[in-house]
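Examining the three-dimensional arrangement
Each chain is listed here by its residues.
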Amino acid sequence: QVQLAESGGGLVQAGDSLRLSCAASGYTFSNYAMGWFRQAPGKERENVATISYSSVRISYADSVKGRFTISRDNANNALYLQMNSLKPEDTAVYYCAARFYLLGDSTDSADYQYWGQGTQVIVSS
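Bear in mind the structure is a predicted one, so any value in this text is a computation, not a measurement.

Let's shift gears to the environment of T107. In this structure, T107 sits in the loop between strand 9 (92–100) and strand 10 (114–115). Relative accessible area serves as the criterion here: at 48%, T107 is assigned to the partly exposed category. For the pair T107 and R72, spaced 35 residues apart in the sequence, the C-alpha separation amounts to 17 Å. Those residues within four positions of T107 in sequence are excluded, and the remaining contacts are F37, N47, T50 and S59.

Now the structure itself:
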């Protein structure tokens, strides 16, 4: 049974940092590209960052470039998102998602096969 479990969200002040984690199980983690997505109230889910199965290719949304860092640990089936200099507009539910590597890279949420339940991030001003 495939499971993706996010953790690390919380309530922080603008300028603070958070590190999100995603624990994967039930599938071969190293065969999947991974992505972080977020969804704010009343808005569509958007891609935040993606990382290829081997960590060679990484992409970020323009809104988080220079502030967020995506990484993965294939030995421990884990995905991370280091978020620095947080802003109130980063407030959202953050999801990790998996996409089979042979399908190529994508920032479209519709292209991802597996999803976690999400973790809430609230950034106060």
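Now, onward.
A pair can form between side chains of opposite charge whenever their charged atoms are brought close. Per the counting criterion, the structure on display carries five salt bridges. K65 is the salt-bridge partner of D62, the closest N and O atoms lying 3.2 Å from each other. The salt bridge partner of R67 is D90, with a shortest N-O separation of 2.7 Å. Within this pair, whereas R67 is found in the loop between strand 6 (58–60) and strand 7 (68–73), its partner D90 is found in the loop between strand 8 (78–83) and strand 9, the two being separated by 23 residues in sequence. Across the pair, D90 and R67 agree in class, each one buried. When salt bridges that share partners are traced, they join R38, E46, R67 and D90 into one network.

Another point: the environment of L20. By the secondary structure assignment, L20 is in strand 3 (residues 18–25). Along the chain, L20 and G104 lie 84 residues apart, while their C-alpha atoms are 24 Å from each other.

Scanning all chains against the criterion turns up eleven aromatic pairs. Between Y32 and Y114 the ring centres are 5.6 Å apart and the planes differ by 35°, which places this aromatic pair in the tilted class. Of this pair, Y32 sits in strand 4 (residues 32–39) while Y114 sits in strand 10, and the two are 82 residues apart along the sequence. Residue Y114 is classed as partly exposed on the basis of its relative accessible area of 26%. Put simply, the rings of Y27, F29, Y32, Y53, F100, Y101 and Y114 pair up and form one aromatic cluster.

Bringing the nonpolar core into the picture now. Ranked by size, the top nonpolar core spans 29 residues in total, and within it M34, W36, L79, L81, M83 and Y94 carry the most contacts. Elements with a contribution of two residues or more to this core: strand 3, strand 4, strand 5 (46–51), strand 7, strand 8, strand 9 and strand 11 (119–124).

This part takes up the sheet that holds strand 3. Think of a sheet as strands paired side by side through backbone hydrogen bonds, with each pair either parallel or antiparallel. Strands sit in the order 1-3-8-7 across an open sheet of four strands; the sheet is antiparallel. Every other strand in the sheet has two partners, leaving strand 1 (3–7) and strand 7 as the edge strands with one partner each. The sheet shows a mean angle of 15° between the axes of neighbouring strands, direction not considered. Of the pairings in the sheet, the one linking strand 7 to strand 8 comprises six bridges and is antiparallel in character. Bridging across to strand 8, S71 finds its partner in Y80.

Time to look at the environment of T91. Here T91 shows up in the loop between strand 8 and strand 9. Accessibility expressed as a relative area gives 21% for T91, which makes it partly exposed. Here the alpha-carbon distance between T91 and L102, two residues eleven residues apart in the chain, equals 32 Å. Residues contacting T91, with those up to four places away along its chain left out, are A40, Q120, V121, I122 and V123.

How each quantity is defined
Each chain carries its own residue numbering, running from 1 in the direction its sequence is written. Note on the predicted model: pLDDT of at least 70 is required for a residue's local features to be given, and 80 or more for side-chain atom pairs to be given and counted; whole-chain, interface and lining totals, by contrast, use all residues. Side-chain metrics in this entry use all non-hydrogen atoms of the structure; hydrogen atoms and water are not considered. In this text, helices come from DSSP runs of H or I with a minimum length of four residues, and strands from runs of E with a minimum of two, each type numbered from the N-terminal end. Classification of residues uses two cut-offs on accessible area relative to the type maximum, computed with a 1.4 Å probe and protein chains only: under 20% is buried, over 50% is exposed, and between them is partly exposed. Contacts were defined at the residue level, with two residues in contact if any of their heavy atoms lie within 4.5 Å. Salt bridges, as used here, are contacts in which a Lys or Arg side-chain nitrogen is within 4 Å of a carboxyl oxygen on Asp or Glu. Aromatic pairing here means that ring centres of Phe, Tyr or Trp (its six-membered ring) are within 6.5 Å. Orientation follows from the plane angle: under 30 degrees is stacked, over 60 is edge-to-face, and everything else is tilted. Remark: nonpolar core denotes a set of buried residues (Ala, Val, Leu, Ile, Met, Phe, Trp, Tyr, Cys) joined through side-chain atoms within 4.5 Å. Two strands are said to pair when DSSP picks up at least two bridges between them. In this analysis, axes come from line fits to C-alpha atoms, helices being fitted only over the stretch in contact, and the angle between any two N-to-C directions falls in the range 0 to 180 degrees.

Any functional reading would require information beyond the geometric quantities listed.
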